[in-house]
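The primary structure of each chain is shown beneath.
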Amino acid sequence: MFGKPGLRPLKGAALVLVVLVAAALPQVGQTQATAPAGPVVSTGAGTAATAPSFEPLPPPSLNFYGSPGLIDMPTAEMLPEGQFTTGISYFGGQGRYTLTFQPTPWMSASFRYNSIRNWNLGGFPTYYDRGFDVRFRLLKETRLRPEITLGLQDFVGTGIYAAEYFVATKNFENLSLGQSTLPGRLKLTAGIGWGRLGSHGSFASSGTRPPFDPSGTGGQVAFDQWFRGPMAAFAGAEWLINDRLGVKVEYSSDDYVTETQTTSVFQKKSPFNFGVEYQASPRTRLGAYYLYGSEFGLSAQIQLNPRHPPAPRHAPAPFAVAPRPDRAVNPDAWGTQWVASTTVRQTMRDLMVPLMEREGLVLESLDLNGDSAELRFRNLRYKSNTIALGRAARIMALVLPASVETFDLVPVSRGMGLSRVTIRRSDLEALEHDSNSSEAILAVTGFSNAGPEPATALKGPGLYPDFSWSIAPYFSPAYFDPEQPIRIDVGVDLQATYKPAPGWVISGRLRQRVAGNLEDGRLSPSNLPPVRTDQALYAQFDTTLNNLYVARYWKPSEDLYARVTGGYFEYGYGGLSTELLWKPVNSPLALGVEANYAIKRDYDQRLGFQDYRVFTGHASAYMDFENGFHGQIDVGRYLAGDVGATLSLDRVFKNGWIVGGFATFTSASAEEFGEGSFDKGIRFSIPLNWFLGKPSRKSLGTVIRPIQRDGGAKVSIPGRLYGQVRPAHNKALRDQWVGFWE
């Protein structure tokens, strides 16, 4: 990236590259309590024969469906909390690509994309399908009891791989076999399945199961088939010889009826499968298999965890807290006569400016009184505002006179003061080297509304007008076209931003495509106005104006934040957008309302518009739950004129990782919506500082929808309020308070 940098997330295929590189890097971090206990084979301390050891130990391996399992069958194991995995497997003309996330210790969810060759459904030589899985742990393993899990496989989708199951797994370490001992760890698994997992060797039936309909639109939850139809047993074993090498054997209850009996995908000759797996790195596991008496298969598993970054954190050391002179020895240093001198106060401000620049902070204003000071600043470097607060407080202690005891720190975004964090200087001095320093300083820190900027505050020099620009590569992906599952455009973005005064933003982005194939994507027929299904038509041009807008931000009252944006918002729409957000500093609840007049842009993405206009907008409720969960409900009108609601749930980790999902239900029926029945998807964002180890506010992220249709579509507005406001409020700061002394 070149130029005076602006801040924006990278998207799409860039994330895939980062994940692959991260998988190859060494693990950094400590073993955590939620990590599975792995086998250790000892042949003598300090010898070359000592078994390799990872820290933390590798998590449970995945099956061909990308969930904890044997080969094609599941196990009852759960991944470590927060684990984010990518599973890639292939056998018998079938490819499966799965993303799995473990948001809690007892629940995991997966999104999978499947390809089946020679199935010839829909006239495609390779049939592609999407599905969702979810698993719930019912009982945790104890010394005598196995772990027991309930799973729903492909429960939202066309149902090609639909199954339900109960499964139990028990671990045995260094198992005694008479006069000898089996080294390593042995895992035994047995379960009962329905659907796909009840099709071979069924021993009973629980009602009638609706047949699989390949011509259906899919996307709906199939409550009517859960735990119905024939049921069958499956079982298997995994032997982890050491923490690198493992072997597997299983008895499969999947008869692959449609793939083997009605088509020629592959021939099934046996229900037994065999495999060997190798842990190539702490994050990467590779496997080779012989399946169903006729096929060879391969798999690769990449597992990342937000708590274990691939690179150690390294940033410039912060300033130490400067101790004040003893009042009894030097009483003059504690005097307040300096308050009357504007020149002295300006000198203090000017001393702070370069020190804050060194820390990646911008001094917006400084208000000084005899025993207190208010510092308003922008954070340009750190993903966590808590780190910025800690460094700003130490700069105040370094520069300000000894009489200043109370520090009020106000993070600022787009001219708006977001919160007031009040810290006593004496607490900084006393607790810097305390054994429990983070919790100790938090206990004596106050959080309140920022309030208006004092009239006596000294403005930072040369802040406005402000101009910044950047040149950076872009990656624009599109997923799940049945003719080509992944399409992508790559090129260069030139972005420029001008801020004439606090709260005012004028920004634009020119985009030059260098290569790609988005323009070849399909134009799906739609029963609704084509507000998103004509995306390929916007990809026909190489040089485009991606956005160009003017925005105004301000605070109408203590807990209210406001925004007005006009111009070209995104590739497809421009117009006028207004937003109002109510968010008290100390409340986990926020309420907002947004109203937009959206006009569809010409396909060449220059300055023209098409003859499609729509009023759209939503009333929103946001809730910051415990344990990093964030919920959001949006109720209103969408781009195609349909009315409904979007439900979202994200897991936000303390280091900035975000993984979540959403679903939208509107007045558009499943038939009007088309394939997929309703809008839904998953999204994730990985902060660059997690990957690189260097401080950065940037992130890599993308949104994956099973299919992009017109129902439930929203306009993309740059700079919405909640994402700017919440990170500087009480709960978000407390969640990341461990970084205060960094």
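Everything discussed here concerns the structure shown above.
Residues numbered from 1 in each chain as written. Predicted model: local features only at pLDDT ≥ 70, side-chain atom pairs only at ≥ 80, totals over all residues. Heavy atoms only, no water.

Caption draft 1: Local environment of the pattern of salt bridges. For the structure shown, the criterion picks out 42 salt bridges. K170 is paired through a salt bridge with E141; the nearest N and O atoms lie 3.2 Å apart. Linking K170 in strand β7 (residues 163-177) with E141 in the loop between β5 (126-139) and β6 (147-157), this pair joins segments that are 29 residues apart in sequence. With relative accessibility at 14%, the residue K170 sits in the buried group. Measuring nitrogen to oxygen at the nearest pair gives 3.6 Å for the salt bridge that ties R513 to E519. For R513, a relative accessible area of 9% puts it in the buried group. Under the relative-accessibility criterion, E519 is labelled partly exposed at 29%. (Salt bridge = Lys/Arg side-chain N within 4 Å of Asp/Glu carboxyl O. Helix = DSSP H or I, 4+ residues; strand = E, 2+ residues; numbered from the N terminus. Buried < 20%, exposed > 50% of the residue type's maximum accessible area, 1.4 Å probe, protein only.)

Caption draft 2: View of the side chain of S507. Following the sequence through the fold, S507 ends up in strand β24 (residues 504-516). The class of S507 is buried, set by a relative accessible area of 3%. A polar atom in the side chain of S507 sits 3.3 Å from the backbone oxygen of A496. One polar contact links S507 to T497, side chain to side chain, over a distance of 3.1 Å. Once residues lying within four places of it in the same chain are set aside, the contact partners of S507 are Q495, A496, T497, N547, L548 and Y549. (Polar contact = N/O pair within 3.5 Å; in protein donor to acceptor, adjacent residues only side chain to side chain. Contact = heavy atoms within 4.5 Å.)

Caption draft 3: Main features of the nonpolar core. Grouped together as the largest cluster of nonpolar side chains are 42 residues, with contacts concentrated most on M352, L375, F377, L400, L409, L428 and F740. Within the residue set of this core, elements represented by two or more residues are α3 (342-358), β15 (361-368), β16 (372-379), α4 (385-399), β17 (406-413), β19 (420-424), α5 (425-431) and α6 (437-443). Broken down by element, this core gets its largest block of residues, nine residues, from α4. Not counting chain neighbours up to four residues away, the residues in contact with M352 comprise L363, L366, L375, I395, M396, V399 and L400. (Core = buried A, V, L, I, M, F, W, Y, C linked by side-chain atoms within 4.5 Å.)

Caption draft 4: How the structure looks around the packing of α3 against α4. As a packed pair, α3 and α4 sit with axes 10 Å apart at the nearest point and diverge in direction by 140°. When the interaxial angle is binned, α3 and α4 end up oblique. Pair α3 / α4 crosses with right-handed handedness. Residues M348, L351, M352, L355 and M356 of α3 lie in contact with α4, whose contacting residues are I395, M396, L398 and V399. Looking at the contact of α3 with α4 residue by residue, the class counts come to nine nonpolar, no polar and no charged. (Axes fitted to C-alpha atoms, helices over the stretch in contact; angles between N-to-C directions. Parallel < 35°, antiparallel > 145°, perpendicular 65-115°, else oblique. Left-handed = near helix turned anticlockwise from the far one by under 90°. Nonpolar A, V, L, I, M, F, W, Y, C, P; charged D, E, K, R; others polar.)

Caption draft 5: Highlighting the packing of aromatic side chains. The final tally for this structure, using the stated rule, is 31 aromatic pairs. For the ring pair Y65 and Y161, a centre distance of 5.6 Å and an interplane angle of 75° mean the geometry is edge-to-face. With a gap of 96 residues between them, Y65 in the loop between α1 (13-24) and β2 (84-91) and Y161 in the loop between β6 and β7 connect regions that are remote in the sequence. No difference in accessibility class separates Y65 from Y161, as the two residues are buried. (Phe/Tyr/Trp six-rings, centres within 6.5 Å; stacked < 30°, edge-to-face > 60°.)

Caption draft 6: Layout of a nonpolar patch on the surface. On the surface, F467, W469, I471, V492, L494, Y498, W504, I506, L510, V514 and V550 cluster together into a nonpolar patch covering about 920 Å² of accessible area. Those elements giving two or more residues to the nonpolar patch turn out to be β22 (466-481), β23 (484-499) and β24. Sorting elements by how many residues they give to the nonpolar patch places β24 first, with four residues. (Patch = residues over 30% accessible without salt bridge, like charges linked within 9 Å, V, L, I, M, F, W, Y side chains within 5 Å. Areas by Shrake-Rupley, 256 points an atom, 1.4 Å probe, with all protein chains shown as cover.)

The values are spatial; any link to function lies outside them.
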